[in-house]
Amino acid sequence: MAENYSGREYTVTLGTQDQSSQAIGNASVNLIANHVFRLQTVNDISFDEAFTTADIRRSGRRAMTAEDRFQKYGGGVWTWDFDHILENEAVAQVLLKAIGNGQATTTSMVFSEANLAANQGLIHGAGGSTDYACGIIINNPDAAEDRLMHSAVLQNLNLAMDTDTDGGRVHASGQFMTGYKPVIGTDSTSPATTDADWVNGIFDLTTLEVGGHAVIVKAFNINLENPANRIGWQGSDGEADGYTRGGDVNVSGSITIKVDANSVTFLDDWVANTNTLITLESGSSWSIVVHAAKLTGHNSDWASEGAFVEIPFVATTGTNGASSLCTIKMT
């Protein structure tokens, strides 16, 4: 008999892969705390780029035969996209750890040249005490169709909040990538109870400053990019020989603020290409600091219900690379 499933029946478990017992490329499940990753909409893994294909037409025919289509499954990558309203400290720290090259994030995540240096911790078979990768389990209502996406690296992480959206809560979205075939079948991993113990947002911030000036913030977003590429191949399935994470990292975003006597100075800062400190902070446990931003625009929105200006920016490491791109605390 046919089944009728609802998207509400799909759930996700997220955890940092414990590389001391589950090396890169190992398909067993050994995660550091299996967190419930509660999403508004659960996406399936994208299999589109996992194939190496070729169509080779042969002489003597004008139409392609079945033998003319070559396909190798395992020679590419699999990706998974998510959009999550942050509600748990441990989940937030898993995401920060994943984008921050495996650094400890129980105090803060520092996106810096030193912490983002290319490393050997993502080669096939790499174990050790530092954990770089994640495991994602998509629990299917048909248990035989559960998905395990192992040895996955987080390519980008976007943090966004808006006074007009979801009560100002922080949205975290991004994309995981793996060069290893997801395991499809019954998975018995039990997610740990994940309490809603981190429910901060834009309204919880007590210090909001751009270039040392206090501002009234309507919306803010920051996008962290730490790209990885699968490299080489190994095994009969042509899976990755691990990853290389040597491409440029990027931090960009925008802040939308109320037009007032302070906001007008940012047009001059954009023109002068000034290094600009952006600070959003609530005590010692919730903050985003961009240490040396370059402003890249000044987009006015002079609506009848209020005048605002959106200020896009890119982060730099400051003069002579003396600072970090950004520091984020979610503790």
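Here is a short report on the structure shown in this document. Since the model is a prediction, treat every value here as computed from it, not as a measurement.

This paragraph deals with the pattern of salt bridges. As enumerated under the stated definition, the model contains seven salt bridges in all. Salt-bridge contacts for Arg-38 lead to Glu-87; the nearest nitrogen and oxygen are separated by 2.7 Å. Of this pair, Arg-38 sits in the loop between strand 2 (31-36) and strand 3 (51-55) while Glu-87 sits in the loop between strand 5 (78-85) and helix 1 (89-99); the two residues are 49 residues apart in sequence, bridging distant segments of the chain. Given a relative accessible area of 53%, Arg-38 falls into the exposed group. A residue is classified by how much of its surface remains accessible, and Glu-87, at 10% relative accessible area, is buried. Ionic pairing is found between Glu-145 and Arg-147, a salt bridge with its closest N-O pair at 3.5 Å. The exposure class assigned to Glu-145 is partly exposed, which follows from its relative accessible area of 34%.

Turning our attention to the pairing of strand 20 (residues 306-315). Looking at chain direction, strand 16 (residues 250-258) and strand 20 are connected through seven bridges and run antiparallel. Following the sheet pairing, Ser-252 is matched in strand 20 by Val-314. Sheet analysis places strand 18 (residues 286-295) next to strand 20, joined by three bridges and oriented antiparallel. Across the sheet, Lys-294 pairs through a bridge with Val-314, a residue of strand 20. Sheet topology places strand 19 (residues 299-303) next to strand 20; five bridges connect them, and they run antiparallel. Residue pairing in the sheet places Asp-301 in a bridge with Phe-308 of strand 20. Linking strand 19 back to strand 20 in an antiparallel pair, the connection comprises two residues.

So, about the packing of aromatic side chains. Think of a pair of aromatic rings as described by two things: how far the centres are apart, and how the planes are tilted against each other in angle. Summed over all chains, the structure comprises ten aromatic pairs. With 5.6 Å between their ring centres and 85 degrees between their planes, Tyr-73 and Trp-78 make a pair best called edge-to-face. With a centroid separation of 6.1 Å and an interplanar angle of 20 degrees, the aromatic rings of Phe-220 and Phe-313 are classed as stacked. Of this pair, Phe-220 sits in strand 13 (residues 217-225) while Phe-313 sits in strand 20, and the two are 93 residues apart along the sequence. Of the residues examined, Phe-220 reaches a relative accessible area of 2% and is grouped as buried. Directly above the aromatic system of Phe-308 lies the positively charged group of Lys-218, at a separation of 6.0 Å from the ring centroid.

What counts and what doesn't
Residues numbered from 1 in each chain as written. Predicted model: local features only at pLDDT ≥ 70, side-chain atom pairs only at ≥ 80, totals over all residues. Heavy atoms only, no water. Salt bridge = Lys/Arg side-chain N within 4 Å of Asp/Glu carboxyl O. Helix = DSSP H or I, 4+ residues; strand = E, 2+ residues; numbered from the N terminus. Buried < 20%, exposed > 50% of the residue type's maximum accessible area, 1.4 Å probe, protein only. Pairing = 2+ DSSP bridges. Phe/Tyr/Trp six-rings, centres within 6.5 Å; stacked < 30°, edge-to-face > 60°. Lys NZ or Arg CZ within 6 Å of the ring centre and 35° of its normal.

Purely spatial values, then, with no claim about function.
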